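Structural description and commentary
Single-letter residue listing:
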Amino acid sequence: MKPSRRKIAASVAGVATLALIATGCAASGSSNGGEDGGKVTLSITTFGTMGVDANYEKYMEENPNVTIEATNLEGGGAARDDAYAKIAAGTGLSDIVAIEEGWLGTIAEVSDSFVDLRDYGIDDEKDSWLDWKFKQGTDADGRVIGAGLDIGPQGLCYRGDLFEAAGLPSERTAVAEYFGGEDATWDRFFEVGQEYKDKSGKAFYHSPRFFWNSFVNQQEEGYYKKDGETLNIEGNDVLKDQFVKIVDAEKAGLGAGLPGWDVGPEAKEGKYAVYMCPSWMLGIVQGYYDEGTTDSGWDFADVLPGGSANWGGAFLGVSESSEHKEEAAKLALWLAAPEQQAASFELAGPYPSTVEGQKLVADTKSAFFNDAPIGEIFAARSEGVIAQVKGPEDSNIQDNVFGPVFDRVSQGEITDGETAWKEALKLLDQIVG
Amino acid sequence: MTSSTLTKPSHPSTPPRSPKPAKPDLTFKQKLARFDYRVSPYLYIAPFFILFALIGIFPIAYTLNVSLYDWHLLKGQGDFVGLNNYVEVLSDPFFWNAFRNTISIFLLSAIPQLIIATGLAALLDQALRGKTFWRMSILLPYIVAPVAVAVIFAQIFNQYHGPVAGLLEAFGLEPIRWAFDVLPSHFAIASMVNWRWTGYNALILLAAMQAIPRDVYESAALDGANKIRRFWSITVPMIRPTLIFVVITSTIGGLQIFTEPKLFDGRTNGGSDRQFQTIVLYLYELAFPRRDFGRASATAWILFLIIILAGLINFAITRAIRTADAKPVPIASGPAAAQRAKGAAS
């Protein structure tokens with residue numbers, strides 16, 4: 001009855017092999033559509049609620065030879081890791097890949113994984129984009145690797161019903177004024193938060209992460225200096241002061257101690273009353289509710305503490321490994337054209353990065369956000385906005401340095417701003433240093 | 001040792017071998033037959049080993065190569081740095097944190113899992129109505145994709161709006177921070193592993209139990225051994241080889257745990273503060289968000305060596321148990337004792 005060594009060895013080897021098979025080869029092969037009689041299958045990978053999907057049907061109707069195979073990943077982080085892995089493997093990238101501003105800088109380091117869209121005529125349309133958005137999609141050698149989709153001007157999502165119950169103004173222009181209108185400051189924001197907290201006994205926001213990101217994006221230089229290489233965190237008193245203020249606000253109970261994302265059930269329970277809303281966040285808040293909801297209480301105000309700033313925004317790139325670069329570039333440029341940007345905006349909220357697109361949505365209202373004139377508000381919110389220079393570790397720093405520290409602060413593990421800042425610097429040193 | 005397909009039959013039918021050393025000239029047909037006899041078995045098992053070399057040995061060797069270089073995920077190979085990546089990983093507190101988490105989750109899953117699986121198998125080994133139904137039922141969790149299991153359990157253990165949180169609240173208990181505190185998160189992840197693997201292991205153990213000759217139990221019962229005594233003195237010793245197999249496979253699986261902790265909080269790499277970052281998640285973080293392929297490969301090799309070490313420890317314990325087993329056991333007489341004596345002697 002005793003098992004021979006050989007049997008054990010064979011079993012172990014067998015199990016190991018199975019494990020390797022099971023883990024080694026995740027879905028591969030994407031752009032193998034083949035060209036049967038001019039028929040082309042184009043794959044596209046997007047993430048979050050980009051609204052690009054609003055346009056697929058139309059394109060396929062107008063181009064019967066094209067089938068679009070779309071994959072949408074849950075979050076930007078997943079999309080980033082997915083893209084990195086496939087670039088490293090040299091295979092598997094979709095024909096069209098959505099790239100987030102935060103990691104576009106990293107992609108630009110290996111920009112030859114993506115085609116130069118100038119070869120496919122993007123220069124002819126160059127003027128339709130906001131100048132800075134077009135420049136962001138251009139690498140150091142002048143190759144255009146990303147066609148701009150949306151930009152992330154920010155406004156404030158707030159719960160009109162909860163504001164009203166707490167005796168605060170609830171009508172959107174009054175709310176904007178209450179926060180200080182054009183001169184809204186972060187200090188005023190925390191003051192209003194404290195007032196809400198005192199009157200309602202409830203937390204003001206779900207997690208401090210978003211407000212921090214928003215603040216960092218407002219600075220002329222964020223985590224990196226303008227050269228995109230030198231870190232700009234240690235010894236940066238502007239960042240540190242705001243950081244300490246946020247920790248203090250947490251201590252005062254302004255935050256609900258919730259995670260950064262996936263807080264739909266808590267929204268329904270009214271556990272927080274404001275949400276930092278760059279354009280693409282509208283779709284995320286809306287996604288917490290059933291389709292067609294109009295009585296959620298959410299509204300959208302034309303105000304941002306600390307002044308206008310851009311947070312995020314995506315690009316479409318065409319992978320060099322695509323078998324149908326010509327067709328893929330055509331589709332990517334079409335999806336990034338004003339009309340389609342407008343359709344995406346109407347579906348999910350990401351604000352067009354083209355001047356013409358912005359004009360098209362000027363009158364758009366959102367039924368979910370209490371019929372807020374979102375087109376008009378974003379137009380106002382994006383005035384004078386210029387995106388900051390991002391460095392190679394920007395999204396890594398946001399997710400893995402400051403994110404965890406704020407979580408510990410929210411959970412009451414760290415209560416002192418000075419200590420929390422030191423923790424962040426320590427993590428920064430371990431992860432990026 | 002009973003007859004095995006791996007050992008040479010004692011009376012081979014072909015080719016007839018002459019008893020004396022005198023070497024007769026063989027015809028081509030005979031040569032072919034001899035070739036067939038000697039080589040064919042290896043050819044039959046070759047596909048496995050070729051496959052294993054391709055998808056097992058080659059990646060392991062290639063990883064070793066990568067681990068000796070400064071290797072950026074996207075930009076590719078850099079300078080040769082020798083063992084520097086290994087030094088960096090081993091001096092990284094995050095690695096040791098991941099090591100502790102892995103061991104903790106492994107122990108929290110493997111120990112209860114083996115105990116429950118053995119118990120379940122013993123129950124299923126009884127005369128039950130609808131045997132197949134019960135046996136299939138305990139295998140069901142194994143059929144569900146681990147990703148689905150992880151997503152569902154992450155919801156169940158959601159600190160804020162999961163059913164477990166609701167239950168705790170209903171009993172007026174303090175909420176548990178499942179995704180934030182170290183031990184609760186390990187418990188939640190271990191529960192996913194247990195959910196998935198307990199039934200599977202129970203079936204393997206059940207098969208071993210069914211192979212135990214029934215007359216052993218009968219004679220023990222005649223000698224006055226009760227059910228519990230029979231379980232400990234007959235069932236457990238006789239399924240020991242299978243138990244060892246189960247322990248080894250769950251050790252290998254447990255040290256490589258990835259899906260469950262990754263998806264327990266999909267936006268992080270094992271918790272916002274690495275509360276449940278396992279070694280493979282640490283490797284993942286190095287390889288993808290941090291894009292340091294060299295250090296990630298070094299981590300892979302360190303994990304490989306840890307697994308080999310764990311395997312050797314398992315092996316040593318097995319040997320120790322087997323030696324202890326040689327001592328005469330008072331209760332069981334008859335076939336069981338004979339069987340065991342045979343096992344111990346060989």
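For chain B, an unreviewed UniProt entry supplies the name Cellobiose ABC transporter membrane protein and the organism Agreia pratensis.

1. What to know about the overall build of chain A
A tally of helices and strands in chain A yields 19 helices and 10 strands. For 433 residues, the compact-globule formula gives about 22 Å, and the C-alpha radius of gyration of chain A, at 23 Å, lands near that figure. Taken along the three principal axes of its C-alpha coordinates, chain A extends 70 × 65 × 45 Å. The 433 residues of chain A split such that 52% are buried. Excluding contacts between residues fewer than 6 apart, the proportion of contacts in chain A whose partners are at least 24 apart in sequence is 76%.

2. A word on the sheet that holds strand β1 (residues 40-47) of chain A
Residue and element names in this part refer to chain A. Read across the open sheet, the 5 strands follow the order β2-β1-β3-β9-β4; overall the sheet is mixed. Only two strands of the sheet have a single neighbouring strand rather than two, namely β2 (66-73) and β4 (147-148). For β1 and β2, the ladder comprises 8 bridges, and the chain directions are parallel. Bridged to T41 within β2 is T67.

3. Some words on the environment of I233 of chain A
All names here are of chain A. In this fold, I233 is placed in the loop between α10 (209-218) and α11 (237-251). Here the alpha-carbon distance between I233 and Y223, two residues 10 residues apart in the chain, equals 5.8 Å. I233 has contacts with Y223, L239 and L428, leaving out every residue within four places of it along the chain.

4. Regarding the UniProt feature "transmembrane region" (unreviewed entry) in chain B
Residues and elements named next belong to chain B. Taking the numbering used here, the UniProt-annotated feature "transmembrane region" (unreviewed entry) corresponds to residues 42-64, 103-124, 136-157, 197-217, 238-258 and 298-317. Summarising residues 103-124: 100% helix, 0% strand, and an end-to-end C-alpha distance of 31 Å. Secondary structure within residues 298-317 divides into 100% helix and 0% strand; the distance between the first and last C-alpha atoms comes to 29 Å.

5. Quick word on the UniProt feature "domain: ABC transmembrane type-1" (unreviewed entry) in chain B
Residues given the UniProt feature "domain: ABC transmembrane type-1" (unreviewed entry) here are residues 99-314 of chain B. For residues 99-314 of chain B, helix accounts for 75% and strand for 0%, while the C-alpha atoms at its two ends are 19 Å apart.

6. Here we look at the pairing of strand β3 (residues 96-100) of chain A
All names here are of chain A. Counting buried positions along β3 yields 5 of 5 residues, so the element is predominantly enclosed. Of the two faces of β3, both are covered, the one formed by I96, A98 and E100 as well as the one formed by V97 and I99. Inspection of the sheet shows β1 paired to β3 by 2 bridges, in the parallel sense. Bridging across to β3, I44 finds its partner in I96. Looking at chain direction, β3 and strand β9 (residues 314-318) are connected through 5 bridges and run antiparallel. Looking at β9, one finds that E100 is bridged to A314.

7. Let's talk about the confidence of the model for chain B
All names here are of chain B. With 86% of its residues at a pLDDT of 70 or more, chain B has an overall mean of 86. Within the model, the stretch residues 328-346 combines pLDDT values under 50 with 26 contacts to residues more than four positions away or in other chains. Reported for the predicted complex are a pTM of 0.82 and an ipTM of 0.82.

8. Brief notes about the pairing of strand β8 (residues 298-301) of chain A
Residues and elements named next belong to chain A. Because side chains alternate across β8, one face comprises the buried residues W298 and F300, and the other comprises D299 and A301, equally buried. Where strand β6 (residues 154-159) and β8 come together, 4 bridges link them in antiparallel fashion. Across the sheet, residue Y158 finds its bridge partner in β8, namely D299.

9. So, the domain arrangement of chain A
All names here are of chain A. By the assigned domains, chain A splits into domain 1 (40-151 + 312-360) and domain 2 (154-307 + 384-431). Taking only C-alpha atoms into account, the centre of domain 1 sits 28 Å from that of domain 2. In this assembly, 21 residues from domain 1 lie in contact with 17 residues from domain 2. At the level of secondary structure, the elements contributing two or more residues to the side of domain 1 that touches domain 2 comprise α3 (76-89), α4 (101-109) and α6 (131-136).

Parameters at a glance
- Residues numbered from 1 in each chain as written.
- Chains lettered and ligands numbered in written order.
- Predicted model: local features only at pLDDT ≥ 70, side-chain atom pairs only at ≥ 80, totals over all residues.
- Helix = DSSP H or I, 4+ residues; strand = E, 2+ residues; numbered from the N terminus.
- Rg over C-alpha atoms; globule rule 2.2 N^0.38 Å.
- Buried ≥ 20, exposed ≤ 12 C-beta atoms within 10 Å, placed from the backbone.
- Contact = placed C-beta atoms within 7 Å.
- Pairing = 2+ DSSP bridges.
- UniProt positions renumbered as here; feature names shortened; annotations may be inferred.
- pLDDT = per-residue confidence, 0-100.
- Domains from an automatic or database assignment.

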